[in-house]
Amino acid sequence: MFIFDAALTAANVDHITDFRRGGGDTLELDLSVFSGISGAGVLDASAFHRGTSAADADDRIIYDKDTGNLFYDADGVGGADQVLFATLEAGTNLTAGDIFVAANTSAAQPKEGAGVADIAIDLTQPAEALHTADFFLF
Ligand SMILES: [Ca+2]
Ligand SMILES: [Ca+2]
């Protein structure tokens with residue numbers, strides 16, 4: 001899993017190069033950061049939009065498949081700007097079902113039998129400064 005629980009800034013954009021759909025990888029969004037998303041659990045399909053910007057009022061996670069850019073928009077089509085928070089490999093077929101929302105992702109416990117796909121990224125480091133040591137396998 002890839003955990004997003006640090007403040008979203010231009011210096012904190014994660015580059016995810018090995019996201020495997022169907023391979024158990026998920027993106028975990030912490031409600032303390034993504035507070036515009038209502039409710040925990042799998043992201044509601046109505047809050048997920050494929051494109052370059054929000055299309056309606058309940059869109060929160062905007063995914064541009066052509067570029068792999070993943071944005072958070074706190075108010076959908078409202079006036080607040082969307083914020084780029086991660087980039088996946090262009091063409092990754094990300095869906096709402098790949099995204100989980102939790103009240104406290106940092107308290108998430110590793111699942112027994114979890115595979116090497118379960119990786120937490122140390123978001124205290126700027127993405128460009130990430131080293132192998134910033135990735136924790138569990
Ligand atoms: Ca929508
Ligand atoms: Ca907006």
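Procedures and definitions
- Each chain carries its own residue numbering, running from 1 in the direction its sequence is written.
- Here every chain gets a letter starting at A, and every ligand a number starting at 1, in the order they are written.
- Totals for whole chains, interfaces and linings use every residue, but because this is a predicted model, local features are given only for residues with pLDDT of at least 70 and side-chain atom pairs only at 80 or more, for both listing and counting.
- In computing side-chain values, all of the structure's heavy atoms are included and hydrogens and water are not.
- Working definition: rings of Phe, Tyr and Trp (its six-membered ring) pair if their centres are within 6.5 Å, and the pair is stacked with planes under 30 degrees apart, edge-to-face with planes over 60 apart, and tilted otherwise.
- Numbering of helices and strands starts at the N terminus; helices are DSSP runs of H or I of at least 4 residues and strands are runs of E of at least 2.
- Between buried and exposed lies partly exposed: a residue is buried under 20% and exposed over 50% of the maximum accessible area for its type, with that area taken using a 1.4 Å probe on protein chains only.
- Any N, O or S atom lying within 2.8 Å of the metal counts as a donor, and for Na, K and Ca the limit rises to 3.2 Å; water is left out, so some sites can look incomplete.

(A) Geometry of the packing of aromatic side chains. One pass over the full model with this rule turns up four aromatic pairs. With a centroid separation of 5.2 Å and 85° between ring planes, the pair formed by phenylalanine 4 and phenylalanine 85 is classed as edge-to-face. Placement of the pair is phenylalanine 4 in strand E1 (residues 2-4) and phenylalanine 85 in strand E8 (residues 83-88), with a sequence separation of 81 residues. This pair shows no difference in class: phenylalanine 4 is buried, exactly as phenylalanine 85 is. Here phenylalanine 34 and phenylalanine 85 contribute two aromatic rings whose centre-to-centre distance is 5.0 Å and whose plane-to-plane angle is 70°, an arrangement assigned as edge-to-face. Of the two residues, phenylalanine 34 is situated in the loop between strand E3 (27-30) and strand E4 (41-42) and phenylalanine 85 in strand E8; the sequence distance between them amounts to 51 residues. Among the residues examined, phenylalanine 34 registers a relative accessible area of 0% and is labelled buried. The rings of Phe4, Phe34, Tyr72 and Phe85 are connected pair by pair, giving a single aromatic cluster.

(B) Highlighting the coordination of the calcium ion (ligand 1). Looking at the metal site, the calcium ion (ligand 1) is ligated by Ser46 (O), Asp56 (OD), Asp56 (OD), Asp58 (OD) and Asp59 (OD), spaced 2.2 to 2.7 Å from it. Linear spacing of the donor residues for the calcium ion (ligand 1) on their chain is S-x9-D-x1-D-D.

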